Structures are given as structure tokens and as C-alpha cells.
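Residues per chain, in single letters:
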Amino acid sequence: MTRASRLQNRLRELGVEVDAQLFELSFTHRSYAYEHGGIQSNERLEFLGDAVLQIVVTEHIYRTYPDLSEGQLAKLRASVVSSVALAEVAKTLDLGQHILLGKGELATHGTEKTSILADTMEAVIGAIHLSAGADASALFVHRTFDPLIAASEATGDYADHKTVLQEMCAARGWGLPRYEVTGAGPDHQRVFTASVIVDGKSMGEGTAPSKKRAEQIAARLAVRELAGA
């Protein structure tokens, strides 16, 4: 298996050619670069890739969802370009096992860290952009992220469900919703489960890689239950 074979297969399907040196550079974390005489890291590619991702996703949701307000568009975009979302995409492409890390990051399971996976994903997009141009990088972003955008919009996961739930409770004369959160797993792969208590009753439970996301999922379930009551 060659480096990041799933990614290479995706690029091959799209007819996109990436410069070999840039491709290698996109996987070079700063910790590895430092330990190898201060060679170049992927940070500049990450900077570029972040900008490319932002503009492609922003234009796509602007054109696709004309009824969403500016605030809703911003939240929908954030749900797709967040570190958690980027890391999940990186995992589907098997990027983690190919990232070049220093000894310290390797010892602390750096290839599984959300921040490192997300940064690498952005660096790869930057490498594609420099190698094959704007059309190629946009095509890659669309093929990789458009399904996530559609799923997020369809389920309403981008909305602030905690605020909606709080407003629903206030309208009913109840106190504020209360969240009980527990965590499990090692630090580098922590999973949180949140339960929301509404008027003394448990009305929703969510599990996610972050506390905030778990709470939002729990709140969304509670909102649905209250709306159907």
C-alpha cells in the first residue's frame, strides 16, 4: 500500500495529479520537521488549504440554500469545516497512519489527535490546489465535503439546539435545561455522552468527540420530543 492510498484513489477517480513533493510535505507535521533539522513542515499548506476549503464550502452553501439566513449559513459552514469534521474526513481517507510526526507526538498517539488530523486534511487540500489548480481543489472539496453539508442541513445539526431548547423551556415556565456529561476512552480518543434533563425528566442523550457536540445532539432530541408533545 502506498502513502495515503485511499486519498490517492480518490484523486485518481477525479483525474487530479498532485506533485509528489507537495504531497509528501502535506503529511509533514512540525514536530517531525523540527527533529529533522528544521525542514519545511505542512503549516503553510495548511494555511492555504483552510482558505480554499472556506471559500468553496461558503460559495456552495450560499448557492444551494437560498432560504438560510447569514447566521444559519455561518453555522452550517462551521459544522462542516470544524476540526472535528475535518478529522472525521481525514479518518475516512486513512490519513492518520501516514502523517510524519516527531517522537513526542508519536508517543502520545498524535496520529489520532483531532487537531493534527484536521490540520493535515487542510494541508492536503492546499497541496492539491498548488499542484492542480483551483478547479481541481474545488472538485476535491465538493466530492469530499458536499455529502457532509447535505447531511448536516437535512438533520439540522448545524443549528443551536441548546438555545432553542432553552427558549422552549422558558415558554413553558420551566427552569433551564440541565446537562449531565460523562467521558470515556483515552485522552487522545475521548468520547463524551451528554444527557439533558428538562423539568426533572431525561429527554435526550447524545454521544460525540466533544462535550459541546454531545450536548447539542441531546438538545436536538429533546426539542423534537417537546415539539411532538
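Our subject is the structure that appears above.
Q: For empty space enclosed by the protein, give the residues involved together with the corresponding values.
A: Inspection of the entire model under this criterion finds 1 cavity of 30 Å³ or more. Size it by volume and the largest cavity reaches roughly 30 Å³. Together, H29, R30, N42, E43, E46 and D119 line the largest cavity.

Q: How would you sum up the sheet that holds strand 3 (residues 201–208)? Please name residues and give values.
A: The strand order 1-2-3 describes an open sheet built from 3 strands, whose pairing is antiparallel. At either end of the open sheet lies a strand with only one pairing partner, and these are strand 1 (178–184) and strand 3. On average, each strand axis in the sheet is tilted by 20° relative to the strand beside it, whichever way the strands run. Sheet topology note: the strand 1/strand 2 (residues 191–198) ladder contains 7 bridges and is antiparallel. Looking across to strand 2, one finds that T182 is bridged to T193.

Q: Go over helix 6 (residues 83–92), please, and point to the residues and values.
A: Because an α-helix packs 3.6 residues into every turn, residues spaced three or four apart end up facing the same way. Of the positions making up helix 6, those classed as buried are A85, L86, A87, V89 and A90. Taken from the residues just after helix 6, D94 is the one with a positive phi, measuring 60°.

Q: Pulling in residues and values, what's your account of the packing of helix 4 (residues 43–64) against helix 8 (residues 114–132)?
A: Axis separation between helix 4 and helix 8 bottoms out at 6 Å; the angle between their running directions is 80°. The angle between the axes of helix 4 and helix 8 places the two elements in the roughly perpendicular class. Judged by residue contacts, L45, E46, L48, G49, D50, V52 and L53 of helix 4 engage D119, E122, A123, I125, G126, A127, H129 and L130 from helix 8. Considering only residue class, the contact of helix 4 with helix 8 consists of 8 nonpolar, 3 polar and 4 charged.

Q: Run through the packing of aromatic side chains, naming residues and quoting values.
A: The tally for this structure, following the rule as stated, stands at 1 aromatic pair. Judged by centre distance (5.4 Å) and plane angle (75°), the rings of F23 and F27 are edge-to-face. Of the two residues, F23 and F27, both sit in the buried class.

Calculation rules
- Residues numbered from 1 in each chain as written.
- Predicted model: local features only at pLDDT ≥ 70, side-chain atom pairs only at ≥ 80, totals over all residues.
- Heavy atoms only, no water.
- 1 Å grid on protein atoms, 1.4 Å probe; cavity = no way out; pocket = protein on both sides within 12 Å on 5 of 7 lines; lining within 4 Å.
- Points joined across faces, edges and corners; volume = space filled by probe spheres on them.
- Pairing = 2+ DSSP bridges.
- Helix = DSSP H or I, 4+ residues; strand = E, 2+ residues; numbered from the N terminus.
- Axes fitted to C-alpha atoms, helices over the stretch in contact; angles between N-to-C directions.
- Buried < 20%, exposed > 50% of the residue type's maximum accessible area, 1.4 Å probe, protein only.
- Parallel < 35°, antiparallel > 145°, perpendicular 65-115°, else oblique.
- Contact = heavy atoms within 4.5 Å.
- Nonpolar A, V, L, I, M, F, W, Y, C, P; charged D, E, K, R; others polar.
- Phe/Tyr/Trp six-rings, centres within 6.5 Å; stacked < 30°, edge-to-face > 60°.

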